[in-house]
Amino acid sequence: MASSLTRDSADPSTEKTFFGHPRGLATLFMTEMWERFSYYGMRALLVYYLVSGGADAATGSQGGGLAMTAATTTAIYSVYVSMVYLMAMPGGWFGDRVWGARKTVAIAGFVIMAGHLSLALPGQAMFFVGLILVAAGSGLLKANISTMVGHLYDGPEDPRRDGGFTLFYIGINLGAFVAPLVVGTVGKEHNWHLGFALAAVGMGLGLTQFLLGTKHLSPKSSLVPNPLTPEERKAVLTKVVLAVVGIAVFYGAVVFLGAYTLNWALVPLTLAGLFIPIAVLTRIKRDKDLSGAEQSKMTAYIWFFIAAAVFWMIYDQGGSTLSLFADDKTASTVFGLGFSATWYQSLNPLFVMALAPVFAWLWVWLARKNQEPNTIVKFAMGLVLIGASFFVFIIPMNMAGGDVKVSPMWLVSIYMIQTIGELCVSPVGLSVTTKMAPQKYASQMMGVWFLAVTAGDCITSLLSIAGVDLNGLGVIALQAAAAALAGFAVYAYRKKVQALMGDVH
């Protein structure tokens with residue numbers, strides 16, 4: 001991306017900038033753009049690779065996938081996405097206590113690239129190794145790269161700060177938009193492993209320019225804010241070694257007894273993704289160091305957390321349930337031009353880039369008229385909209401059958417409704433998390449917010465493992481109704497929640 005650059009190192013007002021922002025923002029923008037390119041490119045292929053079996057002689061489509069059922073595919077996809085967000089918490093811990101943000105992001109880039117290269121190799125074993133590496137690396141990177149964006153500015157009061165994060169957010173969505181068009185098309189329509197290799201190339205490009213551009217980053221990004229003491233380091237290593245040995249012994253025994261199935265991995269991960277968020281919130285809520293006002297805000301925050309989990313449970317099925325419908329039941333041509341089903345994954349980032357500025361303007365305009373909905377109402381709107389998207393989904397599901405395929409505009413409409421709901425929940429949730437965080441947990445609460453995604457996706461995974469057909473009409477309707485009812489419940493109790501929030505509006 002081009003930038004307005006001038007050179008004069010002696011005068012800060014004329015030194016190199018990136019659209020008026022510190023030059024380091026260009027480095028982080030490009031790193032995140034390429035990382036998202038690799039992540040969303042691989043994600044666009046994931047469900048199709050899992051369900052693909054032998055080649056279809058009639059259509060000429062490739063085979064060579066893992067030939068799993070739709071239920072198993074949805075479970076794996078949901079667990080994978082949930083683990084990416086779950087790993088954001090230990091990722092932030094590594095940045096704060098072990099390596100510092102800059103070193104953690106560099107290591108994360110290598111781990112992610114190794115994961116995509118593993119996916120590029122045939123075989124089920126290398127596939128799952130690749131998923132683990134990408135999830136771990138994404139968690140390490142996600143938690144620390146945003147921190148480095150903040151380091152570029154002179155504290156929270158720097159007037160350029162919000163604009164800098166907006167540009168950074170554009171980088172995220174730009175990478176997410178292009179990836180399904182390139183990686184998705186090559187992988188799904190030509191060769192799965194070549195597609196995964198392209199994702200590795202994308203991460204490699206991002207890592208290369210990050211390493212070359214680190215000189216433009218703030219010196220604070222290299223510091224370890226709260227380094228482990230020798231005693232703490234020894235205790236952590238002991239716990240990790242014991243945990244690894246315990247897991248290895250347990251699964252070794254399961255394999256030795258011939259009892260191992262995929263559910264031995266999926267079920268524990270799913271349950272962990274549900275119990276860890278509950279345990280974290282419970283620990284914070286019961287902390288006696290919190291003041292009465294902070295306790296009250298945490299009670300209110302739990303409402304937002306549960307609402308967000310319900311939202312993400314449906315929203316993230318855009319990459320599983322909706323993707324499977326796109327491939328099986330939706331026409332793949334528009335005006336006579338054919339396209340890959342992976343292209344639907346580009347709709348959300350496209351709509352975000354188009355609509356986010358509109359919503360930002362709308363909230364300001366309504367605020368000037370003293371009519372802006374408060375945070376609780378915005379959350380209720382998001383839940384009702386995500387429910388509405390699945391109510392709309394019922395229509396093309398009824399229309400499709402046999403050889404009948406529905407118009408692509410149905411999915412375009414569904415993704416647009418979901419994106420509008422996302423713009424009511426996601427940025428607002430990030431903001432309210434920072435406002436309601438207890439002082440003691442100020443640096444950890446963003447990781448807590450990401451746990452809402454983990455919880456929502458793990459509910460989806462648990463339902464799939466239990467044999468619930470998430471592609472069934474009745475289950476789609478039930479989810480839509482649950483989300484809409486949750487939205488109305490949040491709205492109905494808005495005054496109670498607002499009272500708990502205290503001075504936060």
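Residues numbered from 1 in each chain as written. Predicted model: local features only at pLDDT ≥ 70, side-chain atom pairs only at ≥ 80, totals over all residues. Heavy atoms only, no water.

(A) Seen up close, the overall build of the chain. A count of helical and extended segments in the chain gives 17 helices and 4 strands. Rg of the C-alpha trace for the chain: 23 Å, near the compact-globule value of 23 Å for 505 residues, within the 12% margin. By its C-alpha atoms, the chain is 65 × 55 × 50 Å across when sized along the principal axes. Among the 505 residues that make up the chain, the fraction classed as buried is 49%. (Helix = DSSP H or I, 4+ residues; strand = E, 2+ residues; numbered from the N terminus. Rg over C-alpha atoms; globule rule 2.2 N^0.38 Å. Buried < 20%, exposed > 50% of the residue type's maximum accessible area, 1.4 Å probe, protein only.)

(B) Quick peek at the pattern of salt bridges. This model, assessed by the stated rule, comprises 7 salt bridges. A salt bridge links glutamate 232 to arginine 97, with the nearest nitrogen and oxygen atoms 2.8 Å apart. Separated by 135 residues along the polypeptide, glutamate 232 in helix α8 (residues 230–256) and arginine 97 in helix α3 (residues 88–97) bring together distant segments of the chain. Look at glutamate 232 and you get partly exposed, because its relative accessible area is 32%. Of the residues examined, arginine 97 reaches a relative accessible area of 16% and is grouped as buried. Between aspartate 327 and lysine 188 there is a salt bridge, and its shortest N-O distance comes to 3.0 Å. Of this pair, aspartate 327 sits in helix α11 (residues 321–329) while lysine 188 sits in helix α6 (residues 161–189), and the two are 139 residues apart along the sequence. (Salt bridge = Lys/Arg side-chain N within 4 Å of Asp/Glu carboxyl O.)

(C) Region of the structure containing helix α2 (residues 70–86). The end-to-end C-alpha distance of α2, which contains 17 residues, comes to 24 Å, matching closely the 24 Å that a straight helix rising 1.5 Å per residue would cover. Within α2, 14 of the 17 residues are buried, which leaves the element mostly enclosed by the surrounding structure. (Expected span 1.5 Å × (residues − 1).)

(D) Fine view of the packing of helix α9 (residues 263–285) against helix α15 (residues 445–465). For the pair α9 and α15, interaxial distance at closest approach is 9 Å and the crossing angle is 145°. In this structure, α9 meets α15 at a crossing whose hand is left-handed. Contacts between α9 and α15 involve Asn263, Leu266, Val267, Leu269, Thr270, Leu271, Gly273, Leu274, Pro277, Val280, Leu281 and Ile284 from the former and Met445, Val448, Leu451, Thr454, Ala455, Cys458, Ile459, Ser461, Leu462 and Ile465 from the latter. (Axes fitted to C-alpha atoms, helices over the stretch in contact; angles between N-to-C directions. Left-handed = near helix turned anticlockwise from the far one by under 90°. Contact = heavy atoms within 4.5 Å.)

(E) Here's a closer look at the nonpolar core. Formed by 93 residues in total, the largest nonpolar core has its most connected members in Met42, Tyr80, Tyr301 and Met501. If you tally residues by element for this core, the top one is helix α10 (residues 292–315), at 12 residues. Every residue in contact with tyrosine 301, bar those within four places of it in the chain, is listed here: Leu281, Thr433, Met436, Met445, Val448 and Trp449. (Core = buried A, V, L, I, M, F, W, Y, C linked by side-chain atoms within 4.5 Å.)

(F) Summary view of the environment of serine 218. Locating serine 218 in the fold gives a position in the loop between α7 (192–213) and α8. For serine 218, a relative accessible area of 11% puts it in the buried group. Taking C-alpha positions, serine 218 is 31 Å from serine 82, a pair spaced 136 residues apart along the chain.

(G) Structural detail: the confidence of the model for the chain. Per-residue pLDDT for the chain has a mean of 89; in total, 94% of the residues score no lower than 70. This stretch, residues 56–60, has a pLDDT under 50; its non-local contacts, to residues over four places away or in other chains, come to 1 contact. (pLDDT = per-residue confidence, 0-100.)

(H) Representation of the environment of methionine 409. Following the sequence through the fold, methionine 409 ends up in helix α14 (residues 408–436). Taking the relative accessible area as the measure of exposure, methionine 409 reaches 53% and is therefore exposed. With 330 residues separating them along the chain, methionine 409 and valine 79 place their C-alpha atoms 29 Å apart.

(I) Highlighting the packing of helix α1 (residues 24–51) against α7. For the pair α1 and α7, interaxial distance at closest approach is 8 Å and the crossing angle is 165°. Accordingly, the angle class assigned to the pair α1 and α7 is roughly antiparallel. Seen from above, α1 lies across α7 with left-handed handedness. (Parallel < 35°, antiparallel > 145°, perpendicular 65-115°, else oblique.)

(J) Representation of a nonpolar patch on the surface. Together, Phe250, Val255, Tyr260 and Trp264 give the surface a local cluster of nonpolar side chains, amounting to about 390 Å² of exposed area. Along the chain, valine 255 falls in helix α8. By relative accessible area, which is 52% here, valine 255 ends up exposed. (Patch = residues over 30% accessible without salt bridge, like charges linked within 9 Å, V, L, I, M, F, W, Y side chains within 5 Å. Areas by Shrake-Rupley, 256 points an atom, 1.4 Å probe, with all protein chains shown as cover.)

(K) Broad picture of α10. Given a rise of 1.5 Å per residue, 24 residues ought to cover 34 Å, and the 35 Å separating the end C-alpha atoms of α10 matches this to within 8%. By the criterion of burial, α10 is predominantly enclosed, with 17 of the 24 residues buried.

(L) Focus on the side chain of serine 389. Mapped onto the fold, serine 389 is located in helix α13 (residues 375–399). Beyond its immediate sequence surroundings of up to four residues, serine 389 is in contact with Ile414, Ile417 and Gln418.

(M) Spatial organisation of the packing of aromatic side chains. Counted according to the given criterion, the structure contains 26 aromatic pairs. Plain terms: the ring middles of tyrosine 39 and tyrosine 40 are 5.0 Å apart, the flat faces sit at 85° to each other, and that makes the pair edge-to-face. For tyrosine 39, a relative accessible area of 1% translates into the label buried. Taken together, the ring pairs in this structure connect Tyr49, Phe127, Phe128, Trp192 and Phe196 into an aromatic cluster. We note lysine 142 situated over the ring of phenylalanine 450; from NZ or CZ to the ring centre the distance is 5.6 Å. (Phe/Tyr/Trp six-rings, centres within 6.5 Å; stacked < 30°, edge-to-face > 60°. Lys NZ or Arg CZ within 6 Å of the ring centre and 35° of its normal.)

(N) Representation of unusual backbone geometry. With phi around 55°, alanine 67 is a residue other than glycine that occupies positive phi space. Within the secondary structure, alanine 67 is located in the loop between α1 and α2. Even without being a glycine, asparagine 370 presents a positive backbone phi close to 60°. Tracing the backbone shows asparagine 370 in the loop between α12 (347–368) and α13. Owing to a relative accessible area of 72%, asparagine 370 belongs among the exposed residues under this scheme.

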